[in-house]
Amino acid sequence: MPRNVLVPPERDAGSQAVLQRELAWRIAFVILGIAFAGGQLLDYATAQGLSSTEPRGYFAEGNPLLAQISDSVTREYVGFALKVALVIFVVAVARLQRRRAIGTGLLLLGTMAGLFGAWSNLNPWR
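Each value, and the rule that gives it
- Residues numbered from 1 in each chain as written.
- Predicted model: local features only at pLDDT ≥ 70, side-chain atom pairs only at ≥ 80, totals over all residues.
- Heavy atoms only, no water.
- Helix = DSSP H or I, 4+ residues; strand = E, 2+ residues; numbered from the N terminus.
- Buried < 20%, exposed > 50% of the residue type's maximum accessible area, 1.4 Å probe, protein only.
- Contact = heavy atoms within 4.5 Å.
- Areas by Shrake-Rupley, 256 points an atom, 1.4 Å probe, with all protein chains shown as cover.
- Core = buried A, V, L, I, M, F, W, Y, C linked by side-chain atoms within 4.5 Å.
- Phe/Tyr/Trp six-rings, centres within 6.5 Å; stacked < 30°, edge-to-face > 60°.
- Lys NZ or Arg CZ within 6 Å of the ring centre and 35° of its normal.
- pLDDT = per-residue confidence, 0-100.
- Polar contact = N/O pair within 3.5 Å; in protein donor to acceptor, adjacent residues only side chain to side chain.
- Expected span 1.5 Å × (residues − 1).

What follows concerns the overall build of the protein. Per the secondary structure count, the protein includes five helices and zero strands. Helices (α) and strands (β) of the protein occur, in sequence order from the N terminus, as α-α-α-α-α. In the protein, buried positions account for 28% of the 126 residues. Restricting the contact set of the protein to residue pairs at least 6 apart, pairs at least 24 apart contribute 64%. Working note: accessible area of the protein is about 9000 Å², and carbon and sulfur atoms make up 66% of it.

Right, let's get into the nonpolar core. Judged by nonpolar contacts, Trp-25, Phe-29, Leu-32, Phe-36, Ala-37, Val-87, Val-90, Ala-94 and Leu-107 together constitute the single largest core of nine residues. Secondary-structure elements contributing two or more residues to this core are α1 (9–53) and α4 (72–96). When near neighbours in sequence (up to four residues on either side) are disregarded, Ala-94 contacts Phe-29, Gly-103, Leu-106 and Leu-107.

Taken as a whole, this structure holds three aromatic pairs when the rule is applied. Taken together, a centroid distance of 5.8 Å and an interplanar angle of 50° make the contact between Trp-25 and Phe-29 tilted. Of this pair, Trp-25 and Phe-29 both sit in helix α1, four residues apart, which is roughly one turn of the helix. As far as the burial class goes, Trp-25 and Phe-29 line up, both buried. Geometry around Phe-29 places Arg-95 over its ring, the cationic atom sitting 5.6 Å from the centre.

Scored by pLDDT, the protein has a mean of 80; 76% of the residues are at 70 or more. Element-level pLDDT for the protein is lowest in helix α2 (residues 57–62), with a mean of 56, against a maximum mean of 89 in helix α5 (residues 100–122).

With respect to the secondary-structure elements, Asn-121 resides in helix α5. By relative accessible area, which is 6% here, Asn-121 ends up buried. A polar atom in the side chain of Asn-121 sits 2.9 Å from the side chain of Asp-43. Here Thr-46 takes part through its side chain, which lies 3.1 Å from a polar atom of the side chain of Asn-121.

This part takes up α4. Taking 1.5 Å of rise per residue, the 25 residues of α4 would be expected to cover 36 Å, and the 36 Å separating its terminal C-alpha atoms lies within 8% of that figure. Of all the residues in α4, the buried ones are Arg-75, Gly-79, Lys-83, Val-87, Val-90 and Ala-94.

Encoded structure:
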C-alpha cells in the first residue's frame, strides 16, 4: 500500500483548521471591504449634499481637483469616479499585503476616515 494513501488524522485535522481560518479571514476581509466602501461612499454622498448648499466653497477647501470644474453635473460624476477609484485602489493594496494586520488596519482606518468625513460634512460649522 503506498505511503501517501494513509493520511494521519492529526495532519488532516490541522489542514481543516487552516482552511477554516483562511475562510474566516476571507469573510472578514470582504466585510471590512464592504464597510470601507460604504463609509467612503457615505462621505461622498454627504459631500454632494453639502455642495448643493455651498456650490464652490466646499470643493475649493476639500478637493482642489473638483473645485476647478464649474459644471455641477460633471463635478458630481468626476467626484464619484475619483471616489470609486480610491476604494478600488485601497482594497487592492489591502489585499496584496502579506501581513493581514496591515491590510485590516488600512481598511479600518479608511472606514473611520469615511465615517468622520461624512459626519463633518453633515455638521460643517460645528
